[in-house]
Amino acid sequence: ILDLTQTGIQNATISLQRSISKNQMKRVQYPNDPSKFMESELHLHDEIMSWKSIATDLKLYPFLVGSGGNEKNVLQSFMSLLHHENSDVSMSVLNVLVELLDVSLLDNDSRKNEKEEEEERISMGMLANALINGGKLEIDGGNSGGGLDLIVSNLGRLINNDNDDLLSIPSEEDVRGIDDVFTIMEYLMDLDTMGILQIAAESTIEVTAGGGTKKIKGCAYQPPAISILRDTTLLPWLLKYVSYSNSKVQQKGGSSLKLHASEILASLLQHEEATRLHAKNLSMLPPFSSPFLDDEDDNENEKKKRKKKKKRKTVVDGI
């Protein structure tokens, strides 16, 4: 159970980093013997999931993104785990992010005054902006979006791209993982629509740490729709998913995912600046890609698609 005090969060941050290091060491020492590192992996999974409880006190969010000197902050640790060899670990990170970015947490509460509610909005906005920037409050070299690319790349674990229908029948765990990816993107765009991301980018929060006061400043504002279209391959995947039909997949939850994909697609295409700059010609979009997909299988899939295009022309109505 996470100790929801400033000291408790700091101790939990150090503990998380140690658990990650221990698991990495075990995997390097015994790469062919999962029994040697499985215990550390289960502990790491449980430790990640414990961070859900911080959603009960949004004012603690700045501790997730504040710099700890040479040490990674919590969000940076989460970002590194999105490429973990065990998909269960990366999926647990996605699940925690869904909990932390739930916009319903910002609903008006009669027990809180206006100042407290504003502080909570800024805290969540800082977390969202840092996520778009890959876990860092500072933007390195102009473009952000690294965090969203890491999240979207996990779709490669959850889909089977080695056939013309794009998707095989997903497991219940896969359905939850895909839905978590969609939900994170949805929450980020909702926060942007509410104006919270821009306000957080212009704000500074003071927190007490190590016996002193520390100022945490939000990173530069970057519309999530632009980051999604510019820095990820989510859009072409969404276009394929909404046109996909398979009764067996729908029985496994694919129907709800198709609807969710349609909603995300609609939100993206309503962002005029984003679509003007990064989705002017949908027919020229690059295919969905992910480091988790096999290059050889992906190339073979593209060959099949080119053969089919010679026989018929595909038109996406209304786009």
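Residues numbered from 1 in each chain as written. Predicted model: local features only at pLDDT ≥ 70, side-chain atom pairs only at ≥ 80, totals over all residues. Heavy atoms only, no water.

Participant: Quick question: what am I supposed to make of the overall build of the chain here?
Facilitator: Of regular secondary structure, the chain possesses 15 helices and two strands. For the chain, the residues scored as buried account for 46% of the 319 residues in total. Within the chain, contacts between residues at least 6 apart in sequence are counted, and of these 74% link residues at least 24 apart. Put simply, the chain shows about 16500 Å² of open surface, and 47% of that area lies on carbon and sulfur atoms. (Helix = DSSP H or I, 4+ residues; strand = E, 2+ residues; numbered from the N terminus. Buried < 20%, exposed > 50% of the residue type's maximum accessible area, 1.4 Å probe, protein only. Contact = heavy atoms within 4.5 Å. Areas by Shrake-Rupley, 256 points an atom, 1.4 Å probe, with all protein chains shown as cover.)

Participant: Where do I start with helix H6 (residues 114-132) in this structure?
Facilitator: One turn of an α-helix holds 3.6 residues; hence residues three or four places apart share an orientation. Compared with an ideal rise of 1.5 Å per residue, which puts 19 residues at 27 Å, H6 spans 27 Å between its outermost C-alpha atoms and is within 8% of the ideal. Looking one or two places after H6, you find Gly-134, whose phi comes out positive at around 80°. (Expected span 1.5 Å × (residues − 1).)

Participant: Teacher, can you tell me more about the packing of helix H7 (residues 146-153) against helix H9 (residues 172-193) here?
Facilitator: To describe two helices that pack against each other, one gives the angle between their axes and the distance between the axes. Here H7 crosses H9 at 155°, and the two axes come no closer than 9 Å. Classed by the angle they form, the pair H7 and H9 counts as roughly antiparallel. Seen from above, H7 lies across H9 with left-handed handedness. Only Val-181, Ile-184, Met-185 and Leu-188 of H9 make contact with H7, whose side of the interface consists of Leu-148, Ile-151 and Val-152. Residues of the contact of H7 with H9, tallied by class, amount to seven nonpolar, no polar and no charged. (Axes fitted to C-alpha atoms, helices over the stretch in contact; angles between N-to-C directions. Parallel < 35°, antiparallel > 145°, perpendicular 65-115°, else oblique. Left-handed = near helix turned anticlockwise from the far one by under 90°. Nonpolar A, V, L, I, M, F, W, Y, C, P; charged D, E, K, R; others polar.)

Participant: What should I look at first to understand the pattern of salt bridges in this one?
Facilitator: Two side chains with opposite charge may pair up if their charged atoms get near one another. Summed over all chains, the structure comprises six salt bridges. The closest approach of N and O atoms between Asp-57 and Lys-59, which form a salt bridge, is 3.5 Å. Judged by relative accessible area, Asp-57 falls into the partly exposed class, the value being 21%. For Lys-59, a relative accessible area of 32% puts it in the partly exposed group. With its nearest N and O atoms 2.7 Å apart, the salt bridge here joins Arg-121 to Glu-118. Of this pair, Arg-121 and Glu-118 both sit in helix H6, three residues apart, which is roughly one turn of that helix. (Salt bridge = Lys/Arg side-chain N within 4 Å of Asp/Glu carboxyl O.)

Participant: What should I look at first to understand the packing of aromatic side chains in this one?
Facilitator: For any two aromatic rings, the description comes down to two numbers: the centre-to-centre distance and the angle of the planes. Across all of its chains, the model carries zero aromatic pairs by this definition. One Lys or Arg, Lys-36, reaches over the ring of Tyr-30 and ends 5.6 Å from the middle of that ring. (Phe/Tyr/Trp six-rings, centres within 6.5 Å; stacked < 30°, edge-to-face > 60°. Lys NZ or Arg CZ within 6 Å of the ring centre and 35° of its normal.)

Participant: Could you clarify how one ought to interpret the environment of Leu-259 in this entry?
Facilitator: Structurally, the position occupied by Leu-259 is in helix H13 (residues 247-269). Between the alpha carbons of Leu-259 and Tyr-241 there is a distance of 9.6 Å; along the sequence they are 18 residues apart.

Participant: Quick question: what am I supposed to make of the confidence of the model for the chain here?
Facilitator: The predicted coordinates should not be examined in detail at positions where pLDDT is low. With 72% of its residues at a pLDDT of at least 70, the chain reaches an overall mean of 78. Looking over the chain, one finds the lowest element-wise mean pLDDT in helix H15 (residues 295-311), namely 50, and the highest in helix H5 (residues 87-100), namely 94. Of the regions scoring below 50 in pLDDT, residues 161-166 engages in 16 contacts with residues more than four places distant in sequence or in other chains. Below a pLDDT of 50 lies the segment residues 306-319, which in the model reaches four contacts outside its immediate sequence neighbourhood of four places, other chains included. (pLDDT = per-residue confidence, 0-100.)

Participant: How do you make sense of the environment of Leu-16 when you look at a structure like this?
Facilitator: As for its position among the elements, Leu-16 is in helix H1 (residues 6-29). Once the C-alpha coordinates of Leu-16 and Ser-77 are considered, the two residues, 61 residues apart in sequence, prove to be 7.9 Å apart. The contact partners of Leu-16, leaving out residues within four places of it in the chain, are Leu-44, Glu-47, Ile-48, Trp-51, Val-74, Ser-77 and Phe-78.

Participant: Help me understand the nonpolar core, please; the structure alone is not making it clear to me.
Facilitator: Soluble globular proteins tend to bury their nonpolar side chains together. Counting 73 residues, the largest nonpolar core has Trp-51, Leu-101 and Ile-151 as the members making the most contacts within it. Grouped together as the second largest cluster of nonpolar side chains are five residues, Met-126, Ala-200, Ile-205 and Ile-216 included. (Core = buried A, V, L, I, M, F, W, Y, C linked by side-chain atoms within 4.5 Å.)

Participant: Help me understand H1, please; the structure alone is not making it clear to me.
Facilitator: Taking 1.5 Å per residue as the helical rise, H1 with its 24 residues ought to reach 34 Å, and the 35 Å between its terminal C-alpha atoms agrees with that figure. Looking at H1, one finds that the buried residues are Gly-8, Ile-9, Ala-12, Thr-13, Leu-16, Gln-17, Ser-19, Ile-20, Asn-23 and Arg-27. Looking at the buried side of H1, the elements it contacts are helix H2 (34-49), helix H3 (62-65) and helix H4 (74-81).

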